[in-house]
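What follows is each chain in one-letter form.
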Amino acid sequence: MHLQCSWPISGDLSLQTKRDGRDFIILLAPPIFVTSDNCVDISTFIRSGENAFSVVQQSDMSDYMFILHAHHPTPVQLSHLASYRKRHEEWVKITHAFCTSEPTELLWKRSQSRS
């Protein structure tokens, strides 16, 4: 049986966590980013080892049930991760190219040969 996910729209629900020593607040009422089945993927904030987060409600949410569903990455998630890694590697190559300097003597020889 598959049930549709729906989210409150009051603005009174968030997920709070820390990553790399920084606090993150992810709005859940309504959520900013949802998957195709209207769920919220928090895998970006999960690291190997111990993880801690809090779901904070600031008003009555008794009409809703919130469930954490942990699973292995789906093919769509793996594809997204591969795409992200490829873009990141390309960005590192580009920035490295800008930061690599040629030896001064090579520049001097090139400019002399053009004159």
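As a reminder, the structure under discussion sits directly above these lines.
Bear in mind that the values here come from a model prediction, so they are computed numbers and not experimental data. (Residues numbered from 1 in each chain as written. Predicted model: local features only at pLDDT ≥ 70, side-chain atom pairs only at ≥ 80, totals over all residues. Heavy atoms only, no water.)

Caption draft 1: Expanded view of the pairing of strand E2 (residues 22-27). The pairing of strand E1 (residues 13-19) with E2 spans 6 bridges and is antiparallel. Of the residues in E2, the one forming a bridge with Gln16 is Ile25. In this antiparallel pair of consecutive strands, E1 and E2, the connection spans 2 residues, and Asp20 shows a positive phi of 55°. (Pairing = 2+ DSSP bridges. Helix = DSSP H or I, 4+ residues; strand = E, 2+ residues; numbered from the N terminus.)

Caption draft 2: Spotlight on the sheet that holds E2. Pairing is antiparallel across the open sheet formed by 3 strands, whose spatial order is E2-E1-E3. Here the strands that pair on one side only, and so sit at the sheet edges, are E2 and strand E3 (53-57). Direction aside, the axes of adjacent strands within the sheet are offset by 25° on average. Note that E1 and E3 share 5 bridges and pair antiparallel. Bridged to Thr17 within E3 is Phe53. (Axes fitted to C-alpha atoms, helices over the stretch in contact; angles between N-to-C directions.)

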